[in-house]
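Observations on chain architecture
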Amino acid sequence: MSIDLTGLSARELGALIRTAKKQQTIVAKRRPIAKVRAQLSKLAKTEGYTIEELFGTATAAAKPRARKAAAPSKTAGRKLGKVAPKYRNPANPKETWTGRGKQPRWMAELTAKGSKKPEDFLIKKA
């Protein structure tokens, strides 16, 4: 970890030094992690638990939680009619978008650059 100290004033440097010294005394007063870990394991074992049971494991934390079923909404089952495409990708004419739902990636990328506007992708009507 490196901190750029060149832009700091004398007052800011002093505050940084004081903060660092406070943190250093806090860290120096702490017991070594190996001793704390051994003490926790011993206490858990005497109570009939394992550390994994108490704190979980990395694999248990990485498992996705089951989602609750969504409550039925008023629009559930509502059918929308088919709509003709309104926008077309100039690079790939097979890619179109009706204007409903989330904007497609190809359009979002081109509009995010600022070089194009959504109106530039409109399909010309005959």
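Described below are features of the structure shown in this document. (Residues numbered from 1 in each chain as written. Predicted model: local features only at pLDDT ≥ 70, side-chain atom pairs only at ≥ 80, totals over all residues. Heavy atoms only, no water.)

**A word on the overall build of the protein**
- For the protein, the count of helices and strands is five helices and two strands.
- Per-residue burial for the protein yields a buried fraction of 7% across its 126 residues.
- Put simply, of all contacts in the protein between residues at least 6 apart along the chain, 20% involve residues at least 24 apart.
- Carbon together with sulfur atoms contributes 57% to the accessible area of the protein, which is approximately 12100 Å² in total. (Helix = DSSP H or I, 4+ residues; strand = E, 2+ residues; numbered from the N terminus. Buried < 20%, exposed > 50% of the residue type's maximum accessible area, 1.4 Å probe, protein only. Contact = heavy atoms within 4.5 Å. Areas by Shrake-Rupley, 256 points an atom, 1.4 Å probe, with all protein chains shown as cover.)

**Side note on a nonpolar patch on the surface**
- A surface patch of nonpolar side chains, amounting to about 480 Å² of accessible area, comprises Met-1, Ile-3, Leu-5 and Leu-16.
- Mapped onto the elements, Ile-3 comes out in the segment before helix H1 (10-29). (Patch = residues over 30% accessible without salt bridge, like charges linked within 9 Å, V, L, I, M, F, W, Y side chains within 5 Å. Salt bridge = Lys/Arg side-chain N within 4 Å of Asp/Glu carboxyl O.)

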